[in-house]
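# An overview of the molecular structure
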Amino acid sequence: MRNINEDTITTAVLESIAGCDNPRLKEVMSALVRHLHDFAREVKLTEAEWMEGIQFLTATGQKCDEKRQEFILLSDTLGLSMLTVALNHSKSPQATEATVFGPFHVHGAPQLEQGDDMSGGAVGEPLFVQATVRGIGGEAVPHADVDVWEADADGFYDVQRPELTGPQGRAVFKTDGEGRLNFKAVLPVAYPIPTDGPVGRMLAAVKRHPWRPAHVHFIVKAPGYETLITHVFVDGDTYLDSDAVFGVRNSLIGNYVRHAPGTAPDGSVQATAFHTLDFGFVLEPA
Ligand code: BEZ
Ligand code: FE
């Protein structure tokens, strides 16, 4: 392994990991090295450019903390998150499609009951969600865990508002004995992903906008079924065809309906306009 040049370096690195006794790690590392080297050869990467790349990745890591996940943003905006979703979730055509997880999920959201309001006081027009959870055979999935999170009407998740002392716009529910779930939320709006970091600078440099179309996030989990991570998007949104993270699927566009002030599905009388969303989640068997 001396006198290595641009033609022999790839083989030299691959030989250096030949002894790896984890076959999957060896496969992934070998492919990564081959593609990275081919990338550098293809663009004739200069030393100054690679130093800039290293500084970009360093800044991406430095931007991360408990509430800010800049590497997830990078993966999402480069389409890598959606590519891994597409590679891993395309089994049954009847099942609800998966989409990106995103960086704003928080473990341990409040466990709420059927009919409860998950907004926690978040600003926004009232939204009454009526969901069902079924298997691909049409069977109801009782007592499924449904984790829900959304941004408020200003386009911010609670974790982006340092002034808050408690959760807003997030909750965990259980479907009832017939796989049904009703709850109250706020109408989601389109929002820009955070742009005050290296990923924002990258988007601006390549002339991309940072917007995501309005959506509510869901994780649906039940024993015997594949866990589903998805969104329900709002029809007519300006950004459905240019989502900054490539997550939109036609089947995930929900029927959000606007209603004039009056009686809501939970029997309450709403003094202002409100919205309803009916959506059926379909889970694949595990
Ligand atoms: C989100 O929908 O919360 C999200 C997804 C990817 C990047 C940023 C935000
Ligand atoms: Fe989101």
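A quick note: this is a predicted structure, and the numbers were derived from the prediction, not measured. (Residues numbered from 1 in each chain as written. Chains lettered and ligands numbered in written order. Predicted model: local features only at pLDDT ≥ 70, side-chain atom pairs only at ≥ 80, totals over all residues. Heavy atoms only, no water.)

### A closer look at the site of ligand 1
Inspection of the region around ligand 1 gives L73, D76, G102, P103, F104, Y157, Y191, I193, R212, H215, H217 and V245 as its neighbouring residues. One nitrogen or oxygen atom from the side chain of H215 is found 2.9 Å from an oxygen atom belonging to ligand 1. Its free accessible area being 260 Å², ligand 1 has 100% of it covered by the protein chains. Elements with a contribution of two residues or more to the shell around ligand 1: α4 (70–77) and β7 (215–221). (Near = heavy atom within 4 Å. Polar contact = N/O pair within 3.5 Å; in protein donor to acceptor, adjacent residues only side chain to side chain. Areas by Shrake-Rupley, 256 points an atom, 1.4 Å probe, with all protein chains shown as cover. Helix = DSSP H or I, 4+ residues; strand = E, 2+ residues; numbered from the N terminus.)

### Examining the domain arrangement of the protein chain
What the domain assignment lists for the protein chain is domain 1 (9–65) and domain 2 (71–283). Placing the centre of domain 1 and that of domain 2 at their C-alpha centroids yields a distance of 35 Å. At the interface, seven residues of domain 1 touch eight residues of domain 2. Approximately 600 Å² of surface area, both sides summed, lies buried where domain 1 meets domain 2, with 82% of it carried by carbon and sulfur atoms. Its largest share of buried area at the contact with domain 2, domain 1 owes to F56, T60 and K63, together 67% of the area lost on that side. Taken together, the connections running from domain 1 to domain 2 amount to one salt bridge. (Domains from an automatic or database assignment. Contact = heavy atoms within 4.5 Å. Buried area = accessible area lost by both parts, 1.4 Å probe. Salt bridge = Lys/Arg side-chain N within 4 Å of Asp/Glu carboxyl O.)

### As for unusual backbone geometry
Unlike most non-glycine residues, H143 shows phi in positive territory, near 55°. Within the secondary structure layout, H143 lies in the loop between β1 (126–135) and β2 (145–149). Look at K207: it is not a glycine, yet its phi comes out positive at around 60°. Relative to the assigned elements, K207 resides in the loop between α6 (198–205) and β6 (211–212). On the basis of relative accessibility, which here comes to 73%, the residue K207 falls in the exposed class. (Buried < 20%, exposed > 50% of the residue type's maximum accessible area, 1.4 Å probe, protein only.)

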